[in-house]
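A structural walkthrough
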Number of protein chains: 2
Amino acid sequence: MKTAQIDLLLEMKKRTSEKRATQNETILQQHSRDESYHTPVSPDVVVYPSSTEEISSIMSFANEHGIPVVPFGAGSSLEGHCIPVKGGISLNFQEMNQVLEVRPEDFLVKVQPGVTRTQLNLALKKYGLFFPVDPGADATIGGMAATNASGTTSVKYGIMRDQVRNLKVVLADGKVINTGGLAAKSSAGYHLTGMFVGSEGTLGVFSEITLKVYGIPEAILAARCTFDSVQSAVEAAASVLGSGTGIARMELVDERSIVQVNKNSDTSYTEAPTLFLEFQGNPASVPYEATLTKELLESFGGLEWVEEHDSLARAKLWEARHHLAYAFKHGYPGKSMMFTDVCLPLSELSGAIVYAREVMDTVGVPGAVLGHVGDGNFHAILMYDQNDLQEREKADKVNAEIVNYALQKGGTCTGEHGIGIGKAKYLAEEHADTLPIMSGIKKQLDPNNILNPGKIIL
Amino acid sequence: MKTAQIDLLLEMKKRTSEKRATQNETILQQHSRDESYHTPVSPDVVVYPSSTEEISSIMSFANEHGIPVVPFGAGSSLEGHCIPVKGGISLNFQEMNQVLEVRPEDFLVKVQPGVTRTQLNLALKKYGLFFPVDPGADATIGGMAATNASGTTSVKYGIMRDQVRNLKVVLADGKVINTGGLAAKSSAGYHLTGMFVGSEGTLGVFSEITLKVYGIPEAILAARCTFDSVQSAVEAAASVLGSGTGIARMELVDERSIVQVNKNSDTSYTEAPTLFLEFQGNPASVPYEATLTKELLESFGGLEWVEEHDSLARAKLWEARHHLAYAFKHGYPGKSMMFTDVCLPLSELSGAIVYAREVMDTVGVPGAVLGHVGDGNFHAILMYDQNDLQEREKADKVNAEIVNYALQKGGTCTGEHGIGIGKAKYLAEEHADTLPIMSGIKKQLDPNNILNPGKIIL
């Protein structure tokens with residue numbers, strides 16, 4: 001980095017405006033971390049671009065001078081993605097938060113990267129449309145595309161990569177490209193859109209994102225079903241998938257999580273391993289699917305089945321699920337949280353979750369297990385004291401054991417959180433044979449290694 | 001190419017077996033063409049590998065000597081993909097046609113590239129599973145993955161790229177990689193699986209393919225609905241999509257196509273613009289969706305609605321649709337067929353189809369229009385005499401006009417057939433800004449340009 005010789009603040013102000021670049025210490029610190037346990041590192045400057053042209057100008061300058069550029073959305077990433085580990089420029093997208101175009105007939109929306117998912121859904125509602133992908137946090141669409149996020153609805157609607165139709169990307173040298181188009185499908189050349197989605201700011205900076213959206217379903221029904229063990233809950237969930245019954249959401253929440261939910265929300269859910277479910281469709285299909293699923297779950301040991309018919313109770317149920325991570329933070333004041341994130345073939349999920357809970361108990365790390373069981377994706381929430389080396393090592397050990405189990409069974413070290421800093425060593429294991437290809441692509445697109453250096457490709 | 005100095009036949013026999021390499025003139029000619037109008041070019045040798053190891057050995061040799069390698073599946077491509085325009089080795093996968101593993105609990109199947117889609121569905125049936133992607137021809141899975149094929153069911157199930165979970169790929173230098181894994185989703189690094197799907201043999205040779213499969217739906221209902229114009233049929237189709245009613249297939253077949261269908265099959269369908277539809281789901285949802293769709297289509301000018309309740313009548317309907325290209329070939333003996341393939345945002349589809357038919361009439365090229373209107377994808381079938389320069393130029397002109405219209409409206413020059421030879425010039429137009437990135441990836445993975453040279457990247 002050659003920032004020492006140049007006045008970075010002045011240069012950034014020249015490329016944006018007087019007000020949209022700062023070296024205020026508090027703001028630098030706000031951009032030094034995400035929601036993960038990874039060690040904070042401050043950027044040298046925080047910039048708030050307002051257009052593709054400004055980003056392009058910033059990139060040209062940064063590329064010429066070898067200055068790292070790290071995009072920053074809501075800061076809700078979980079593997080240190082937006083931590084500027086080599087300093088440089090933190091690009092905050094809060095000034096680029098417009099829904100640019102809704103094309104209801106085409107089921108498409110074009111947004112700037114700083115739009116959050118709840119903001120987007122508010123804008124879509126008047127068209128009878130919605131955007132399904134829902135990571136727990138109110139992340140920005142830019143961040144969600146960068147990490148290939150997913151959430152509770154992926155079992156029906158797919159993941160972020162399935163929704164992105166086009167990306168306007170500013171490359172390392174400031175050149176602006178469009179990776180896709182407006183058509184629902186294309187066989188025109190190499191699929192670059194899919195490659196940029198999930199590239200975590202290491203291949204380019206997104207400045208516009210065109211997404212697929214969906215009609216709000218005519219009928220929705222949520223339900224909860226308790227079980228006497230996590231294993232029977234997971235096996236019951238697998239049977240629902242096997243039956244081909246349509247399901248829009250199917251979340252495992254273990255009894256330890258329910259305890260936190262009840263403490264943090266005004267709920268009094270039975271404190272047992274539970275599946276949270278949702279059916280979406282038409283007035284004929286939804287009750288049919290719910291009845292079928294209830295019968296199936298009961299035959300696999302389902303105990304208490306509770307349906308939530310009104311939209312408020314349904315919203316409360318999913319809010320409780322989405323706020324689980326925060327519930328744990330409140331439940332363990334002063335502790336840090338490590339959020340594991342493996343995904344396995346469905347037939348291996350039950351074994352993996354049972355194993356994860358055993359390892360947590362054996363090693364002695366408090367927390368819980370929850371997950372998007374319809375996708376084979378689960379998280380262990382591990383609570384530990386970041387300042388206690390022994391506790392930190394224990395949490396690392398549990399995470400490693402969970403990842404190793406997943407990799408041995410054909411799974412992945414990250415279902416939806418991404419590689420960032422925390423999973424780089426596991427990526428090298430999981431994709432040892434393709435890592436040289438990924439490195440080659442990185443070198444081609446970012447020869448000076450200024451794009452979020454220290455992430456994915458070390 | 002340095003084939004002159006070496007005995008290619010002998011070298012290939014050494015790497016496979018005495019029987020699995022040939023320079024028989026008839027066989028060379030069989031590998032000189034696909035189902036398109038593009039000029040045939042014979043390979044220097046045809047090889048039938050039986051394992052990943054043999055492919056690897058062939059690739060190492062070819063790479064060392066700069067000999068082109070062109071994979072060949074069923075030969076049903078439509079843009080000259082498997083024509084060895086620079087000679088070299090045609091790799092025929094007929095000896096690699098095994099369904100290697102079915103994992104019913106994981107909804108996964110692993111196949112060799114030479115397995116055809118009907119063969120795969122036969123193997124899956126006993127597990128209550130099926131693979132939905134259905135290009136008209138009985139293509140191989142390898143070819144379908146290489147061109148990112150789709151078909152009539154993509155409106156519900158997605159395209160080939162959505163189904164491929166992992167590819168075993170032999171790279172240009174003979175190295176073998178796995179691009180993905182068994183998990184339903186992953187955020188682990190750059191998405192190479194999606195990049196190799198649709199790469200048309202230009203980045204590597206697939207030797208194993210792991211696919212997502214689906215439970216055979218409990219209930220299926222097919223229907224036809226006629227209209228007084230193509231335009232009202234397309235607008236009615238758009239209204240069905242807008243309503244959010246589940247639909248598994250929605251195909252436009254214009255009146256000119258129906259004439260050929262009736263001539264070629266034992267059908268007597270009303271010779272009017274028609275939507276072929278299918279509903280898949282459970283016994284509650286299917287009748288509900290069919291009734292809703294019928295009412296919607298009628299309000300948009302739908303005339304005659306005919307349901308096909310038994311599986312034989314349903315099979316006949318879709319067979320008629322799938323055999324349309326062949327029906328035209330029989331209907332115009334001695335003529336060649338050019339098969340256009342654009343895809344547009346839904347709101348632009350009606351205008352594009354009306355325009356295509358006008359251009360065909362104005363320029364004077366007989367044929368018809370049909371398409372996967374649920375995806376915004378349509379084909380014009382253009383019949384012409386390949387030996388008549390003027391007719392050839394007319395067909396080219398119609399194709400160009402259709403592509404230009406699509407590109408102007410944010411669409412793509414190929415929805416599902418791929419680039420091959422015929423669309424390379426349009427790719428350069430559609431993705432002018434990303435073509436340098438595609439070229440860089442090609443150079444990185446195939447520095448000696450031996451992998452299907454002359455396709456996609458010229």
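Residues numbered from 1 in each chain as written. Chains lettered and ligands numbered in written order. Predicted model: local features only at pLDDT ≥ 70, side-chain atom pairs only at ≥ 80, totals over all residues. Heavy atoms only, no water.

- Where an unreviewed UniProt entry is consulted, chain A appears under the name D-lactate dehydrogenase (cytochrome), with the organism given as Fictibacillus barbaricus.
- Within the UniProt record for chain A, the comment given under Cofactor (unreviewed entry) is "FAD".
- Recorded in UniProt for chain A, the comment headed Sequence similarities (unreviewed entry) runs: "Belongs to the FAD-binding oxidoreductase/transferase type 4 family." (UniProt positions renumbered as here; feature names shortened; annotations may be inferred.)

Description of the interface of chain B and chain A
- Between chain B and chain A, the residue contacts involve 81 residues of the former and 81 residues of the latter.
- In total, chain B and chain A occlude about 5,700 Å² of area from one another, counting both sides; carbon and sulfur atoms represent 59% of this.
- When the buried area of chain B at its contact with chain A is split by residue, Lys185(B), Ser187(B) and Tyr190(B) rank highest and sum to 17% of it.
- For the pair chain B and chain A, the number of links is 4 salt bridges. (Contact = heavy atoms within 4.5 Å. Buried area = accessible area lost by both parts, 1.4 Å probe. Salt bridge = Lys/Arg side-chain N within 4 Å of Asp/Glu carboxyl O.)

Remarks on the nonpolar core
- Residues Phe196(A) and Phe196(B) are the most contacted members of the largest nonpolar core, which totals 185 residues.
- If near-sequence neighbours (up to four positions away) are discounted, Phe196(B) is found in contact with Leu167(B), Val169(B), Leu171(B), Ile177(B), Thr179(B), Leu203(B), Gly204(B), Phe206(B) and Leu445(B). (Core = buried A, V, L, I, M, F, W, Y, C linked by side-chain atoms within 4.5 Å. Buried < 20%, exposed > 50% of the residue type's maximum accessible area, 1.4 Å probe, protein only.)

Quick notes on the pairing of strand E12 (residues 219-226) of chain B
Residue and element names in this part refer to chain B.
- Counting buried positions along E12 gives 7 out of 8 residues, so the element sits mostly inside the fold.
- Judged from the 8 bridges that link them, E12 and strand E14 (residues 274-281) form a sheet pairing that is antiparallel. The partner of Thr226 across the bridge, within E14, is Thr274. (Helix = DSSP H or I, 4+ residues; strand = E, 2+ residues; numbered from the N terminus. Pairing = 2+ DSSP bridges.)

Examining the packing of aromatic side chains
- A full pass over the atoms with the stated rule returns 16 aromatic pairs over all chains.
- Plain terms: the ring middles of Phe130(B) and Tyr157(B) are 5.5 Å apart, the flat faces sit at 85 degrees to each other, and that makes the pair edge-to-face. Taken together, the residues span a long stretch of sequence, with Phe130(B) in strand E7 (residues 129-130) and Tyr157(B) in helix H6 (residues 154-157) at a distance of 27 residues.
- Overall, Tyr157(B) belongs to the buried group, its relative accessible area being 10%.
- Each ring, one from Phe276(B) and one from Trp318(B), has its centre 6.1 Å from the other, and the planes form 80 degrees; the classification is edge-to-face. Taken as a pair, Phe276(B) in strand E14 and Trp318(B) in helix H12 (residues 311-322) lie far apart in primary sequence, 42 residues in all.
- Three or more aromatic residues joined by ring pairs make a cluster, and in this case those are Phe130(A), Tyr157(A) and Tyr214(A).
- Over the ring of Tyr405(A) we find Lys409(A), and its NZ or CZ is 5.4 Å from the ring centre. (Phe/Tyr/Trp six-rings, centres within 6.5 Å; stacked < 30°, edge-to-face > 60°. Lys NZ or Arg CZ within 6 Å of the ring centre and 35° of its normal.)

Here we look at the relation of the copies chain B and chain A
- For the pair chain B and chain A, the relating rotation is 180 degrees, the translation along its axis is 0.0 Å, and the fit reaches an RMSD of 0.0 Å. In the structure described here, the two chain copies are related by an operation that fits a two-fold rotation axis. Taking C-alpha positions as the reference, the residue of chain B nearest the rotation axis is Ser285(B), at 2.3 Å.
- Counting the interface residues of chain B, we find that 100% of their copies in chain A are interface residues as well, pointing to one common contact surface. (Least-squares fit on C-alpha atoms with pLDDT ≥ 70 in both.)

Comments concerning the pairing of strand E13 (residues 249-253) of chain B
Residues and elements named next belong to chain B.
- Burial analysis of E13 places 5 of its 5 residues in the buried class, which makes it a mostly covered element.
- Of the two faces of E13, both are covered, the one formed by Arg249, Glu251 and Val253 as well as the one formed by Met250 and Leu252.
- With 5 bridges joining them, E13 and E14 adopt antiparallel strand pairing. When the bridges of E14 are listed, Met250 appears paired with Leu277.
- With 2 bridges connecting them, E13 and strand E18 (residues 367-372) associate as antiparallel partners. Residue pairing for E18: Val253 is matched across the bridge by Leu370.

Thoughts on the environment of Gln260(A)
Residue and element names in this part refer to chain A.
- By the element assignment, Gln260 lies in helix H10 (residues 255-264).
- The exposure class assigned to Gln260 is buried, which follows from its relative accessible area of 5%.
- The spatial distance from the C-alpha of Gln260 to the C-alpha of Tyr190 is 46 Å, given a sequence separation of 70 residues.
- Setting aside residues no more than four positions away along its own chain, Gln260 makes contact with Ala327, Phe328, Gly331 and Tyr332.

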